[in-house]
Amino acid sequence: MSTPGNGSVLERVRGLVREVAKFGAVGGLGVLVNLGVFNLIRHTTDLQVVRASVIATVVAIATNYLGFRYFAYRDRAQSGRTRELVLFAAFSGIGLVIENGVLYTATYGFGWDGSVASNVFKFIGIGTATVFRFWSYRTWVFKALPEVAEPEAESVAAPLPRPERRPEPVPEPEPANN
């Protein structure tokens, strides 16, 4: 028997799997945008690796916000859009630092700055930051609406018929003696 408002464990697991799948679909598109913009900048400009990566990450963050708000988390609370955007930007900024910190360490710490190495470490950075983003977005940014408790079986049953009430007879007044 489940507790009101929580659903069964199986229902919660199914909900989490759906959420991860939607998050993954939006995130997958974001990865393609991120890597595409990164490689476009790297091959058409002389911008340094991490700077190109930061620009690509910002473009992907903007794309991801639209996907999360209007697809993955469209059923979540939509009040307080300013708060949502501020939190999304803050947590995305932390994710940006995580993602590009991995690339920075590989490039400037170990000297792995070839095209393949840059893409590999960019991808590793995206993966690492994604774990943080998933947790922070679902916990703080796109908050779940409170679940509506389903009525228990007893309360769904038809009400018992009420006994018919007949008016009580009104006694006739006694004649007055004058």
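Described in the following lines is the structure provided in the data block.

Calculation rules
- Throughout this description, residue numbers start from 1 for each chain and increase along the sequence as written.
- In keeping with the predicted nature of the model, local features appear solely for residues at pLDDT of at least 70, side-chain atom pairs appear and are counted solely at 80 or more, and the whole-chain, interface and lining totals rest on all residues.
- To obtain the side-chain values, all non-hydrogen atoms of the structure were used and water was disregarded.
- What we call the bend at a residue is the angle made by axes fitted to the seven residues finishing there and the seven residues starting there.
- Secondary structure elements are taken from DSSP: a helix is a run of H or I of four residues or more, a strand is a run of E of two residues or more, and numbering for both begins at the N terminus.
- Buried residues are those whose accessible area, probed at 1.4 Å on protein chains only, stays under 20% of the maximum for their type, while exposed residues exceed 50% and partly exposed ones sit between those limits.
- Note on contacts: a residue pair is in contact if any heavy atoms of the two residues lie within 4.5 Å.
- To estimate the expected span of a helix, subtract one from its residue number and multiply by 1.5 Å.
- Residues enter patches when their relative accessible area tops 30% and they take part in no salt bridge; the joining distance is 9 Å for like charges and 5 Å for the nonpolar side chains Val, Leu, Ile, Met, Phe, Trp and Tyr.
- Residue-level accessible areas treat just the shown protein chains as cover; the underlying method is Shrake-Rupley with a 1.4 Å probe.
- A pair is scored as a salt bridge if a Lys or Arg side-chain nitrogen falls within 4 Å of a carboxyl oxygen belonging to Asp or Glu.
- Think of a nonpolar core as a cluster: buried Ala, Val, Leu, Ile, Met, Phe, Trp, Tyr and Cys residues, connected wherever their side-chain atoms sit within 4.5 Å.

So, on to helix α4 (residues 115-141). For α4, the principal kink sits at Thr130 and spans about 25°. Among the residues making up α4, those that are buried are Ser118, Phe121, Lys122, Gly125, Ile126, Ala129, Phe132, Arg133, Ser136, Tyr137 and Val141. Of the surrounding secondary structure, the elements contacted by the buried residues of α4 are α1 (9-44), α2 (49-72) and α3 (81-109).

Among the structural elements, Asn34 can be located in helix α1. Beyond its immediate stretch of four places on either side in the chain, Asn34 contacts Ser53, Ala56, Thr57, Ala60, Glu99, Lys122 and Ile126.

The next thing to look at is α3. Its 29 residues give α3 an end-to-end C-alpha distance of 40 Å, which sits within 8% of 42 Å, the value for a rise of 1.5 Å per residue. Turning to α3, its buried residues are Glu84, Phe88, Phe91, Ser92, Gly95, Leu96, Glu99, Asn100, Leu103, Ala106 and Thr107. Against α1, α2 and α4 lie the buried residues of α3. Gly111 occupies a position one or two residues after α3 and carries a positive phi of about 75°.

A surface patch of nonpolar side chains, about 270 Å² in accessible area, is lined by Val9, Val13 and Val17. You can see Val9 is positioned in helix α1.

Glancing now at the pattern of salt bridges. Tallied over the full model, the rule gives six salt bridges. Between Arg81 and Glu84 there is a salt bridge whose closest N-O contact spans 3.7 Å. Here the residue Arg81 and the residue Glu84 both occupy positions in helix α3, the gap between them amounting to three residues, near one helical turn. Residue classification places Glu84 among the buried residues on the basis of a relative accessible area of 2%.

The next point concerns the nonpolar core. Side chains that are nonpolar tend, in soluble globular proteins, to be buried together. Formed by 14 residues in total, the largest nonpolar core has its most connected members in Phe68, Tyr73, Phe88, Tyr137, Val141 and Phe142. Listing elements by their share of this core, those giving two or more residues are α1, α2, α3 and α4. With four residues, α2 is the largest single contributor of residues to this core. Every residue in contact with Phe142, bar those within four places of it in the chain, is listed here: Tyr65, Phe68, Arg69, Tyr73, Arg76, Glu84, Phe88 and Tyr137. Residues Phe38, Ile41, Val50 and Ala106 belong to the second largest nonpolar core, which totals nine residues.

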